[in-house]
Amino acid sequence: MRVAAPARPGLPAPGSPSAPARTAPTRRSDPAPEASPGSPRARWRPVHVAWVQGASPDGGRSRMLRRPAPEDDSAVLIDMAPGTEKGDSYGSTASTSQPDGDQAAARGTASPAKPRIADFVLVWEEDPRLGQQQDGAARDKTDTHRAWRETFLDNLRAAGLHVDQRHVQDAAGAVHYVLLSAPWAVLCYYAEDLCLKLPLQELPNQAHNWSAGLLQWLGIPNILLQDVPDLPPEYYSCQFKVSKLSRFLGSDDQDTFFTCTHRHQILFEILAKTPYGHEKKGLFGIEQLLSQGVFRAAFPLHQGPFAMPPEGARAPGLNQRQVLFWHWARWRSWHKYQPLDHVRRYFGEKVALYFAWLGFYTGWLLPAAAVGTLVFLVGCFLAFSDTPTQELCGSADAFEMCPLCPACPFWTLSSACALVQQLQNRTQTTQVGTGDTQAWPPRGDLPPPGARTGVACAHNATSGRRGAETQRGRSEGDPAPPQAGRLFDHGGTVFFSVFMALWAVLLLEYWKRKSATLAYRWGCSDYEDIEERPRPQFAALAPATALNPVTGVEEPYFPRRSRVRRVLAGSVLVLMMVAVVVMCLVSVILYRTVAAMLVSRSDRALLVAWAPRIASLTGSVVNLVLILVLSKVYVALAGVLTRWEMHRTQTRFEDAFTLKVFVFQFVNFYSSPIYIAFFKGRFVGYPGNYHTLFGVRNEECAPGGCLVELAQELLVIMVGKQIINNVQEILVPKLKGWWQKLRLRSKRRKVAASVAAGQAPWEADYQLLPFEGLFDEYLEMVLQFGFVTIFVAACPLAPLFALLNNWVEIRLDARKFVCERRRPVAERAQDVGIWFPILAGITHLAVISNALLLAFPSDFLPRTYYRWTRAGDLRGFVNFTLARAPPAFAAEHNRTCRYRAFREDDGQYSRTYWNLLAIRLAFVIVFEHVVFSVGRVLDLLVPDVPESVQIKVKREYYLAKQALAENGALAGTNGAKDSRPPASEESLGPQAGQPGASQASPDPSPWGQVGS
């Protein structure tokens, strides 16, 4: 029996009607061999469909929506495997089902010899009680959804899929499961249409880990190794062609030739393109049906349960999911290598590349965390042995500082050093606050602005013992005492900044090599350039077709100029959202000021003493809440804009969406640290001429500098976000899973007694949470990479916190994929996509950012300048950094005071300021040129693709060319299509009965020489 290729919804041919008509497919008696399954006409134009699986024309269940094909359009006929005439088709579940009604008529002749569980499941729910309570509009919507669902399922049957329905119902409602599987002919047709790569010859697994090799060379036992059973082999492979079926390894076994991931990809392609109405109105594809609520879920089935048998890992016959759970998703495996080949075989290349990147990045964090911790310990030692710090703390009343606000008193600089005597000073401050209530300002007076004002700004004491104790109490509220500033601001920070810049460059260079190796080993090295097909949504909505310049295939086309205009229009909205983020940042700045003012007016001296720290910490928390809220809003907006821009492939669609969201998230997460690092304390002015923002005096850096506050901000955002994400990944799935199981617990199955007792696999998988993609996972890691590199000069402990988080993150994500979520559709990918250019951009930005951090907020250059020009032991450095108030200000207050700046007595910048500015700018230029130059040299020394991989790629290309060119399928490099007639019945049937098929060729097969 010869049947036509299964029809797929495509674009209308030129001149075809715009609206599809629901017409019954007709038989084609002419095979028209000149159109192969990979030809442009067969690929993108609808083909006529013969009646599949014995469904009769008058049954009405096999009709599908399609556009009429032109007269010269031809069907491509494929041969069903022997036994198809009797309904012996691969993948059917009809023999195990108890169909009822018209479902039995559509599936009655499709019972396979070896029944198997379906590969894909569609689910929808019904509540009969709602039908009695619905009004007219709701009832019409329900009827429309039912009609769409029936049309969609009819079209799936017409496309050649086996459709089997199961029901779980009781008085409270019903859950309907649609089990889908594809016969052998459909799998072969779509495997060629999707350019799937299938194996030619098996090779030994070539997975290699450099650390394992190093430890083996050193003779050190490697505790990271583990013996994972059923190691997937590697293959030489090439794109599948039906006419060359006998050349592919394992083609004699229809049950195992196509892997589970291949079948899932094929079924999802059919589901994504099958219409249920007018395509130009977007009425096609399973994604639209899910968004409209026609179906509740669509997912491939897991391969059995993940729970281990009593024998544990030694039990025979473990499924792939159990192997992954035992050797990957358990917490006890936290110190073991990830079984990436097993992950790829079960979840596909896209998921496996994410975990490969996460593990690679986590491994590289080990040296960064070790060096960062060492630099921090050096800072701890220097904090209590630094000469300027000791000089400042021992200055007593030598440096009387100018008021920090109009209502604040003069204060001594040594009051900022109360780090050890906090408890004693808190008691003294409390005695001052309770001994004389007149020392507090009247309620009508505003306390001082700024995050460092503390008690000194809340008291009116200006002299005597009480004023001194008030100043000591003020130091408790200082969020950055000088000792804390030395934890991060010393010479080791310069070394660590250079180290991290080169670390980031090497990380990306070696990841390119790792990614290229994995892409070759997994058969995806040329996926984006040649194999990837247009998105179904793009194919349905594109206004024209054009030839692909690479493949020569006619494809849907959207004018580049129109897309550019849409991208520019969407960029305006992106800029508006960025402006909203900046407004929120200004609001947080004002909040910190107002909060410090309000708290400092409290009657409790302890709150007054901690007012600046309370304002700073709560401001960081408010900033984090705004970040999370705005992120949710913008991600939804970015999705709408990206769909409107009409990107051709899924990779380009995801890249455009990712770039939009990352630009917003970059501003969202990094705006506050950037403000503290580069703007806070830069535009303050001087006594008598202070600058203001909305009438509020600009914030100043504390005596210890802004680096400590920057480190605090980074830890709150970075560590706080990590804690929140990990709590969400642990608790939220459990709560959602508990609610899903509770909701479905009351529904009892009403199926025939032949069904085995216990929960069916599709019911168990439906109780799991849906897969939500990898975007959030990548975004979390890339933002973390930015915190680790861009601001590392202010927080050397950032790599350590990132390392600890990622060790937990790997197992959390693994457990989420294996145990808590439905199985995702396996997707192919060549690399991590646009995330790599984003990481490269962050690396370049990190070099400039750390150069600016060391040049401006840090005291490293002023100390170096003073050591070279004044005193090598840094004695007198504190006095060197303080300017005197202008005479007018001193005359107004009848006393002089000091403030932190390099200015003359009249308030103008001094010569020292300009000298330091020149040194700082020169340092930035030299720093970034040296680091960029060394990074460029490393880039040249480390090839992007290992030489061994380049040789293997050429070898595979040569072998594939020889195999396909044996009968004229490929001549030279022009990629001409095979002109042979379509495959015969024997070519698609089992090969077991043709032992001499491959020897019958006039030329010997080259595959016997591959391993030699």
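Everything that follows concerns the structure shown earlier in this document.
In this report, the structure presented in the accompanying data block is examined. (Residues numbered from 1 in each chain as written. Predicted model: local features only at pLDDT ≥ 70, side-chain atom pairs only at ≥ 80, totals over all residues. Heavy atoms only, no water.)

### Some points on the state of the cysteines
And step 1. Evaluation of the coordinates by the stated rule reveals 1 disulfide.
And step 2. A sulfur-sulfur separation of 1.9 Å characterises the disulfide bridge that pairs C402 with C897. Where C402 bonds to C897 through sulfur, the torsion about that S-S bond is close to 85°, and the disulfide is right-handed. Placement of the pair is C402 in the loop between β11 (400-401) and β12 (411-412) and C897 in the loop between α30 (887-893) and β20 (898-900), with a sequence separation of 495 residues. C897 shares its class with C402; the two are buried. (Disulfide = S-S within 2.5 Å. Helix = DSSP H or I, 4+ residues; strand = E, 2+ residues; numbered from the N terminus. Buried < 20%, exposed > 50% of the residue type's maximum accessible area, 1.4 Å probe, protein only.)

### Structural notes on the nonpolar core
And step 1. Counting 114 residues, the largest nonpolar core has F347, W357, Y361, W503, F662, L710 and W835 as its most contacted members.
And step 2. Take this core: its biggest share by element is 18 residues, from helix α11 (residues 349-383).
And step 3. If you look at the next biggest cluster of nonpolar residues, it comprises 43 residues, including W184, L196, L198 and L267. (Core = buried A, V, L, I, M, F, W, Y, C linked by side-chain atoms within 4.5 Å.)

### Some words on the packing of aromatic side chains
And step 1. Summed over all chains, the structure comprises 49 aromatic pairs.
And step 2. Ring geometry for Y361 versus F785: centroids 6.0 Å apart, planes at 65°, classification edge-to-face. Linking Y361 in helix α11 with F785 in helix α25 (residues 775-790), this pair joins segments that are 424 residues apart in sequence.
And step 3. Exposure remark for Y361: the relative accessible area of 0% places this residue in the buried category.
And step 4. You can call F785 buried: its relative accessible area is 0%.
And step 5. Judged by centre distance (5.7 Å) and plane angle (40°), the rings of F775 and W835 are tilted. Of this pair, F775 sits in helix α25 while W835 sits in helix α27 (residues 835-855), placing them 60 residues apart in sequence. Across this residue pair, the class does not change: F775 and W835 are buried. (Phe/Tyr/Trp six-rings, centres within 6.5 Å; stacked < 30°, edge-to-face > 60°.)

### A word on unusual backbone geometry
And step 1. One non-glycine residue with positive phi stands out, namely L874, at about 65°.
And step 2. Secondary-structure assignment places L874 in the loop between α28 (860-869) and α29 (877-880).
And step 3. Its identity as a non-glycine residue notwithstanding, N894 has a phi of 60°, on the positive side.
And step 4. Within the secondary structure, N894 sits in the loop between α30 and β20.
And step 5. For N894, a relative accessible area of 71% puts it in the exposed group.

Honestly, it's all geometry; don't read function into it.
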